Amino acid sequence: MKLEIGVFLFSAALCLAGPAEAQERQDPATVSEASAIDWREAAQTDVLAAYATYIDNHPGVYDLKNQGFPAQLSAARKAGLEEAAKTENESGYRRALAAFSATLSDGHALAFVPRAQMAGRDGALWPGFVAVWRGDSLLVRMQDTFDPLHEAEIIACDGDPIVEFLSSALLTRYFRPREAGQWWRRPSQLFFADDGNIEEAPSECRFIMRAGAVEVRRLDWRKASRPEQTFYDLALGGDRVPTALTEPRNGIFLIGLQDFQPDAEEIQSYRRMYEAVAERRPELLGARALVLDLRHNNGGSSSWSEDLAHLLWGKAAVESRQPEGAQVWWRTSLDNTDHVRKTADLIRAQGHADTAEAWEHYAAEMDSARARGEMLWRQDDVAINARAPVASKAVTTDFSTPVYVITHGGCASACLDALDTFTLFENTRLIGAPTSADSVYMEVRVEALPAGPGQLVVPVKFYTGRQRAGGEIYQPDILMTEIDWSTERFLDRIEADLAGR
């Protein structure tokens with residue numbers, strides 16, 4: 001079982017936007033506390049602290065398949081210190097941490113300031129529209145679809161072509177431009193300041209209007225009302241489908257998988273959904289299609305998707321298709337081992353007693369390896385939970401119903417693990433946007449940096465022999481470039497694809 005439960009802890013603690021992505025909410029620092037900080041000294045101290053913590057804890061330091069990692073880490077320190085030397089305020093501090101992180105270009109290894117901790121917040125601000133990336137363009141979505149600005153293309157901001165502007169302005173949003181899904185995810189954040197901070201936001205943009213004319217407009221930044229904030233959420237990623245088995249159209253079933261880091265109430269929703277899938281599986285075998293919706297999924301525990309796949313295709317069929325030769329290596333530092341023990345407690349509280357026992361075993365083995373002076377320990381699940389032997393050929397399955405999996409640009413970590421499993425079967429098609437990517441470094445924990453409000457995301461294990469390479473994304477079979485990402489629009493496209501078959 002691939003249980004990236006550390007991403008649960010990370011996302012619960014942290015609020016950038018995503019994967020297993022960095023930054024979720026913490027108690028905000030007060031303005032007086034922030035003003036008392038020497039930001040240049042804090043930036044220099046925290047960049048050096050981030051570097052030292054990775055030297056002591058990051059598994060990449062001893063990854064023989066990535067022998068360039070120590071040099072990359074040194075380059076990250078250099079980039080962060082160069083930016084820190086120019087720091088005069090909190091914004092400069094954030095840019096120093098972002099420069100350090102950008103060199104590593106890994107959503108599971110970065111230094112950041114939780115957005116809710118930033119001083120001077122004044123509620124969500126927006127320019128009256130939502131900017132969404134579709135295909136290769138940044139488009140405007142208005143509440144009033146008759147507004148001339150609705151569906152206009154943003155081609156430049158503050159004097160720079162839009163791609164150049166975004167690449168620079170999104171530095172402190174931890175933008176990884178080499179990942180296609182990041183373009184579908186990050187640009188919108190520059191046009192909606194949920195923390196009231198518009199330092200990197202554009203003040204003027206050039207638009208190609210729906211009628212074809214080119215206009216330059218100053219952006220009217222103002223507070224977003226509660227309905228406007230709701231509109232932003234819906235316009236960006238579409239509506240949220242509950243964790244349940246429903247039949248929104250005749251013969252087309254739908255399951256929402258919007259959260260792999262469920263709270264107690266949502267865990268019960270998963271259990272009810274599993275029961276419904278098992279009970280109604282005969283109907284699913286004869287259905288026109290099954291839609292699995294990952295639109296808002298930012299990772300968590302891969303057990304939720306794995307359990308669903310077992311119900312749909314059969315456990316033997318899933319396991320017989322899993323790639324052989326994959327190994328997991330853990331960095332055996334004391335802090336990493338403590339994290340594994342805390343994770344075992346969390347897993348047990350969620351009701352996964354067998355998996356919790358496995359994690360307790362991992363911690364004990366990491367302790368033993370560290371006592372022997374070994375920096376890495378190779379995970380051996382056979383000692384804990386003997387899986388059925390891998391079949392010499394794929395076990396057949398009776399589940400051949402067309403499966404459509406809705407993907408989005410922020411899909412990473414356990415969301416990608418779900419795609420690894422679902423796409424083992426030929427009846428699966430992806431629809432939506434390209435995904436983000438993972439490195440091979442996983443299972444993150446978060447710790448505070450010593451001088452400023454920054455925090456550090458620390459991965460504690462890595463994969464070798466994984467089927468999906470580090471930095472590899474999923475491209476959808478059906479690219480949804482429509483500005484409307486509602487469930488109804490997705491169902492329309494799926495019906496059209498079924499008719500085309």
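Residues numbered from 1 in each chain as written. Predicted model: local features only at pLDDT ≥ 70, side-chain atom pairs only at ≥ 80, totals over all residues. Heavy atoms only, no water.

## Comments concerning the sheet that holds strand 10 (residues 245–249)
The condition is simple: Any two strands are treated as partners once DSSP identifies two or more bridges connecting them. Numbering goes from the N terminus for both helices and strands, where a helix is a DSSP run of H or I of at least four residues and a strand is a run of E of at least two.
Within the open sheet, the 6 strands sit side by side as 10-11-12-15-16-19. Their pairing is mixed. Each end of this open sheet is capped by a strand with a single partner; those strands are strand 10 and strand 19 (478–479). Bridge count between strand 11 (residues 252–256) and strand 12 (residues 289–293): 5 bridges; the pairing is parallel. When the bridges of strand 12 are listed, G256 appears paired with D293.

## Digging into the packing of aromatic side chains
Threshold: Here is the rule: rings of Phe, Tyr and Trp (six-membered ring for Trp) pair when centre to centre is within 6.5 Å. Planes less than 30 degrees apart are stacked, more than 60 are edge-to-face, and the remainder are tilted. Accessible area is worked out with a 1.4 Å probe on protein chains only. A residue is then buried under 20% of its type maximum, exposed over 50%, and partly exposed in between. Counted as over-ring charges are cases with an Arg CZ or a Lys NZ within 6 Å of the ring centre that also lie within 35 degrees of the ring normal.
Following the criterion strictly, the structure yields 21 aromatic pairs and no others. Where F129 meets F191, the ring centres are 5.9 Å apart and the plane angle is 40°; that geometry is what we call tilted. Highlighted residues: F129 in the loop between strand 2 (125–126) and strand 3 (130–134) and F191 in the loop between helix 7 (180–185) and strand 7 (204–208), separated in sequence by 62 residues. The burial state of F129 is the same as that of F191; both residues are buried. Ring-pair connections join several aromatic residues into one group, and the members of that group are W313, F399, F422 and F425. Note that R77 overlies the ring of Y51, its terminal NZ or CZ placed 4.1 Å from the centroid.

## Structural notes on unusual backbone geometry
What you tend to see is this: most non-glycine residues have negative phi, and most peptide bonds are trans. Phi angles above zero are rare outside glycine, and S105 is one such case at about 50°. Topologically, S105 is positioned in the loop between helix 5 (90–104) and strand 1 (111–112). Even without being a glycine, D158 presents a positive backbone phi close to 50°. When its relative accessible area of 35% is taken as the criterion, D158 is described as partly exposed.

## Considering the state of the cysteines
Selection criterion: A pair of cysteine sulfur atoms is labelled a disulfide when the two atoms are within 2.5 Å.
Under the defined criterion, the tally for this structure stands at 2 disulfides. At a sulfur-sulfur separation of 2.0 Å, the disulfide partner of C411 is C415. Between C411 and C415 the sulfur-sulfur dihedral comes to about -110°; the bridge is accordingly left-handed. Of the residues examined, C411 reaches a relative accessible area of 0% and is grouped as buried. Residue C415 is classed as buried on the basis of its relative accessible area of 0%.

## Looking at the pairing of strand 13 (residues 327–331)
Inspection of the sheet shows strand 13 paired to strand 18 (residues 455–464) by 4 bridges, in the antiparallel sense. Each residue of the ladder has a partner; that of W330, found in strand 18, is K461. One ladder, built from 3 bridges, connects strand 13 with strand 14 (residues 376–378); its direction is antiparallel. Within strand 14, the residue paired with W330 across the bridge is W377.

## Quick notes on the pairing of strand 4 (residues 137–141)
Of all 5 residues making up strand 4, 5 are buried, and the element is well covered by its neighbours. Here strand 4 shows two buried faces, one formed by S137, L139 and R141 and the other by L138 and V140. With 5 bridges joining them, strand 3 and strand 4 adopt antiparallel strand pairing. Paired with V132 across the bridge in strand 4 is L139. Taken together, strand 3 and the strand that follows it, strand 4, pair antiparallel across an intervening segment of 2 residues, in which G135 is found at a positive phi of about 70°. Strand direction decides the pairing type here: strand 4 and strand 5 (residues 153–157), joined by 2 bridges, are antiparallel. Pairing of L139 across the sheet is with E153, part of strand 5.

## Focus on helix 3 (residues 39–57)
Threshold: Working rule for helices: expected span equals 1.5 Å times residues minus one.
Under the 1.5 Å per step criterion, the end-to-end length of helix 3 is 26 Å for 19 residues, consistent within 8% with the ideal 27 Å. For helix 3, every residue scored as buried is listed here: W39, A42, A43, D46, V47, A49, A50, Y51, T53, Y54 and N57.

## What about the packing of helix 3 against helix 5?
Applicable threshold: Every axis in this analysis is a line fitted to C-alpha atoms, fitted for helices over the stretch in contact. Angles between the N-to-C directions lie between 0 and 180 degrees. If an angle is under 35 degrees, it is roughly parallel; if it is over 145, roughly antiparallel; if it lies from 65 to 115, roughly perpendicular; otherwise it is oblique. Note on convention: the crossing is left-handed when the near helix lies turned anticlockwise from the far helix by less than a right angle, right-handed when the turn is clockwise. We call two residues contacting when some pair of their heavy atoms lies within 4.5 Å. In the scheme used here, Gly and all other residues not listed as nonpolar or charged are polar, with Ala, Val, Leu, Ile, Met, Phe, Trp, Tyr, Cys and Pro taken as nonpolar and Asp, Glu, Lys and Arg as charged.
As a packed pair, helix 3 and helix 5 sit with axes 8 Å apart at the nearest point and diverge in direction by 25°. By the criterion of interaxial angle, the relationship of helix 3 to helix 5 is roughly parallel. The element helix 3 and its partner helix 5 pack so that their crossing is right-handed. In contact with W39, A42, A43, D46, V47, A50, Y51 and Y54 of helix 3, helix 5 contributes E90, Y93, A96, L97, F100 and L104. Taken together, the residues of the contact of helix 3 with helix 5 sort by class into 12 nonpolar, no polar and 2 charged.

## A closer look at the confidence of the model for the protein chain
Threshold: Confidence of the predictor at the level of single residues is captured by pLDDT, which takes values from 0 to 100.
Counting all residues, the mean pLDDT for the protein chain is 88, and 89% of those residues have values of 70 or more. Below a pLDDT of 50 lies the segment residues 5–32, which in the model reaches 110 contacts outside its immediate sequence neighbourhood of four places, other chains included. In this model, residues 382–391 is a region of pLDDT below 50 whose contacts with residues beyond four sequence positions or in other chains number 11 contacts.

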